[in-house]
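Fold and contact review
Okay, here's what each chain looks like letter by letter:
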Amino acid sequence: MATTTPAVFTSGLTKRFGRLVAVKALDLAVEQGQVFGFLGLNGAGKTTTIRLLLNLLRPSAGRAEVLGHDCQADGIAARALAGYMPGEPGFYRDMTGRQALGVLARLSARKVREAWQRELLERLAFRDADLDRRIREYSSGMRRKLAIASAFQGEAPLLLLDEPTEGLDPLMQEAFYALLADVRRRGATVFLSSHVLSEVDRVCDRIGVLRTGELVLEAPVDEVRRMAPQHVRIVFGSAVAPPPAGWPASVEIVSVTPTEWRLRVRGSLGPVVQSMGGLPVADLDVREPRLEDVVIQYYREAP
Amino acid sequence: MRAAGVLVRHSMGRMKTALAVMAGALALFQVLLAMAAAELQRQGTFEQLASLVPAFVRELFGTALLSMMSFSGIMALGYYHVAIVAVLVGLVVAVATEPAAEVEAGFADLVLAQAVPREAVVARSAVMLALCPALVIAAMSAGTFAGLWLAGPAAGSAPPPRLVWKLAAGLWAVLACWGGVSLVIGTASRRRAVAAGVAGGSAAALMLVDYLSRVWKPIRPIARLSPFHYYNPLDLVMGKPLPPGDLGILLGTAAAAIALAFVVFRRRDI
């Protein structure tokens, strides 16, 4: 059982905008050192939650803590421990990239190590000439890279990243994942909102799914993946009889022809393998369950 | 305080070109005004102009009108002419609506996601509101002195330096007052255009009310709501002192408004 202070903790956290309830009584605990994927459709309340953690928005009810510091009462201490990348980075466009990073570094409670900043900018493929250009000349991908640099440069123990890879090219996505792996190795916690389920599947330890402001699923990624069936396709070398009637309920028949069975199997493949004994199996294709098979269901309606 | 200092430096860096251009242009205007006043005095035009003013206009505006038609009156024009005052009000509105611009652009998110208290953002704006008009008015005053040195009348008949300081102090106080009010609007708004529209439009309306109240008695009680009511440069030209009561009202309003801006910005959603 974990005894450390959660990196992110919310209790009954609620935010109303007039009649709209953007976040409803959110109870969440993200352990330190985890990469937590925060998922949901547009308008589900992901960004609002992150902004509540940063005290940019005042909660209508409930409370939130960052590494043991109340986000409202002790907001300065809480934010001193967090690096933030907004979904839409709002840099002044008449500033250069270097100036923007400089101002944010000077405002940071954490000393920015020059060597780390240089390494970070190299890994994000920033050249000196890029940093000396005005941000108005940057592409949207460059602006996002600058926002990543600003979030990571303080080496904060908690990173709050709002859709960080949106608009990044595949090489930069890889560079970002490598950075994420590095900060995770150093023990930092990452709270990451994303639409990209394959990305979440790849980098997150645990996910939370938000639907219209309510947390409808919170579990480790492996566990969520196991909630989805495996897709099994068996091809026979010659015609065989239909599958036996006595299969357990965890095996669902999708389609059957004399030479091919398509099945959906939850849990163990044992009953299927047993029933194939003596049959002329030519090919067996098992597709691992994917996170999105489960998550998309939760987006639509909680099962 | 450190964060407020960083933000002041940042804002000043962004505004420096606009400030330098404005200060330079207004200083040059002051030099030209002094030269023009000297020329008018040499030609004896002030007396001719005064004799052309119809009696009813004299009655309406009193001796203030005649004081305008003097070397000091023309020299002081830069400190009360509606166009100059409008430009300076525009400057303070631009400075005071910076918090709204930062919220709108998302820069406030980046700043306030750091360990920066919200008060630092308002403190930055308050410092900028004191500093920016002061720098421009200081440049104007330097322009006035330069103009007097270049083309002023003989030492005995030249306007005293104290007049320039009084005009500068009065103008700064009225700008500080409106800057404070604009800051409340700027800290409460999500969009700079809206904040600047409300602050600038209200300033124009209040300036108009003040002008009208000088010729139309029924609106004089309303004119008390206008900060421009408490700045009478022509009285200063006529040698009257800067009224401490008026100065107190302007600076008191500025202080109260800035305090309110702190509260508004602390409580709002960004």
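Residues numbered from 1 in each chain as written. Chains lettered and ligands numbered in written order. Predicted model: local features only at pLDDT ≥ 70, side-chain atom pairs only at ≥ 80, totals over all residues. Heavy atoms only, no water.

Overview of the sheet that holds strand 11 (residues 230-236) of chain A
The pairing of strands in a sheet comes from backbone hydrogen bonds and takes either a parallel or an antiparallel form. All names here are of chain A. To be explicit about the condition: A pair of strands is treated as paired once DSSP finds two or more bridges between them. Labels follow the DSSP assignment, with helices taken as runs of H or I lasting at least four residues and strands as runs of E lasting at least two, numbered in each case from the N terminus. For helices, the fitted line uses only the C-alpha atoms of the stretch in contact; every axis is such a line through C-alpha atoms, and the angle between N-to-C directions lies from 0 to 180 degrees.
Strand order in the open sheet made by the four strands is 12-13-11-14, with antiparallel pairing throughout. Of all strands in the sheet, those with a lone pairing partner are strand 12 (251-257) and strand 14 (281-287), marking the two edges. Sheet twist, expressed as the mean angle between neighbouring strand axes with direction ignored, is 15°. In the sheet, strand 12 pairs with strand 13 (residues 260-265) via six bridges, with the strands oriented antiparallel.

Observations concerning the confidence of the model for chain B
Definition in use: pLDDT expresses, on a scale from 0 to 100, how confident the predictor is about each individual residue.
In this model, chain B carries a mean pLDDT of 91, and residues with pLDDT of at least 70 account for 95%. Scored by ipTM, the complex comes to 0.85, with pTM at 0.87.

Some thoughts on unusual backbone geometry
Glycine aside, negative phi is the norm for most residues, and most peptide bonds take the trans geometry. Residue and element names in this part refer to chain A. Using the following cut-off: For every residue, the accessible area obtained with a 1.4 Å probe (protein chains only) is divided by the maximum for its type, and the residue is called buried under 20%, exposed over 50%, and partly exposed between those limits.
Its identity as a non-glycine residue notwithstanding, leucine 67 has a phi of 50°, on the positive side. Turning to its location among the elements, leucine 67 is positioned in the loop between strand 4 (61-66) and strand 5 (69-70). A relative accessible area of 17% places leucine 67 in the buried class. Positive phi, close to 50°, is recorded for glutamate 155, a residue that is not glycine. Counting through the fold element by element, glutamate 155 comes out in the loop between helix 6 (140-152) and strand 7 (158-162).

So, the interface of chain A and chain B
Quick note on the threshold: It only takes one pair of heavy atoms within 4.5 Å for two residues to be counted as in contact. Buried area is a sum: the accessible area each of two parts loses on coming together, probed at 1.4 Å, counted once for each and added. Whenever a carboxyl oxygen of Asp or Glu lies within 4 Å of a side-chain nitrogen of Lys or Arg, that contact is scored as a salt bridge.
Counting residues at the interface gives 25 residues for chain A and 29 residues for chain B. Buried surface at the junction of chain A and chain B, summed over both partners, amounts to about 2400 Å²; 56% is from carbon and sulfur atoms. Sorting the residues of chain A by area buried against chain B places Leu56, Tyr92 and Leu107 of chain A first, and these three jointly supply 30% of that buried surface. For the pair chain A and chain B, the number of links is three salt bridges.

Quick notes on the packing of helix 10 (residues 118-151) of chain B against helix 11 (residues 161-188) of chain B
Residue and element names in this part refer to chain B. For clarity, the threshold we go by: In these notes the angle categories are as follows: under 35 degrees is roughly parallel, over 145 is roughly antiparallel, 65 to 115 is roughly perpendicular, and the rest is oblique. Each helix crossing is assigned a hand: it is left-handed if the near helix lies turned anticlockwise from the far helix by less than a right angle, otherwise right-handed if that turn is clockwise. The residue classification treats Ala, Val, Leu, Ile, Met, Phe, Trp, Tyr, Cys and Pro as nonpolar and Asp, Glu, Lys and Arg as charged. All others, Gly included, are polar.
Put simply, helix 10 and helix 11 touch, their axes get as near as 9 Å, and they point 155° apart. One way to sum up the angle between helix 10 and helix 11 is to call them roughly antiparallel. In this structure, helix 10 meets helix 11 at a crossing whose hand is right-handed. Across the interface between the two elements, Val122, Ser125, Ala126, Leu129, Ala130, Pro133, Ala134, Ile137, Met140, Ser141, Thr144 and Phe145 from helix 10 touch Pro161, Val164, Trp165, Ala168, Leu171, Trp172, Leu175, Gly179, Gly180, Leu183 and Thr187 from helix 11. Considering only residue class, the contact of helix 10 with helix 11 consists of 17 nonpolar, six polar and no charged.

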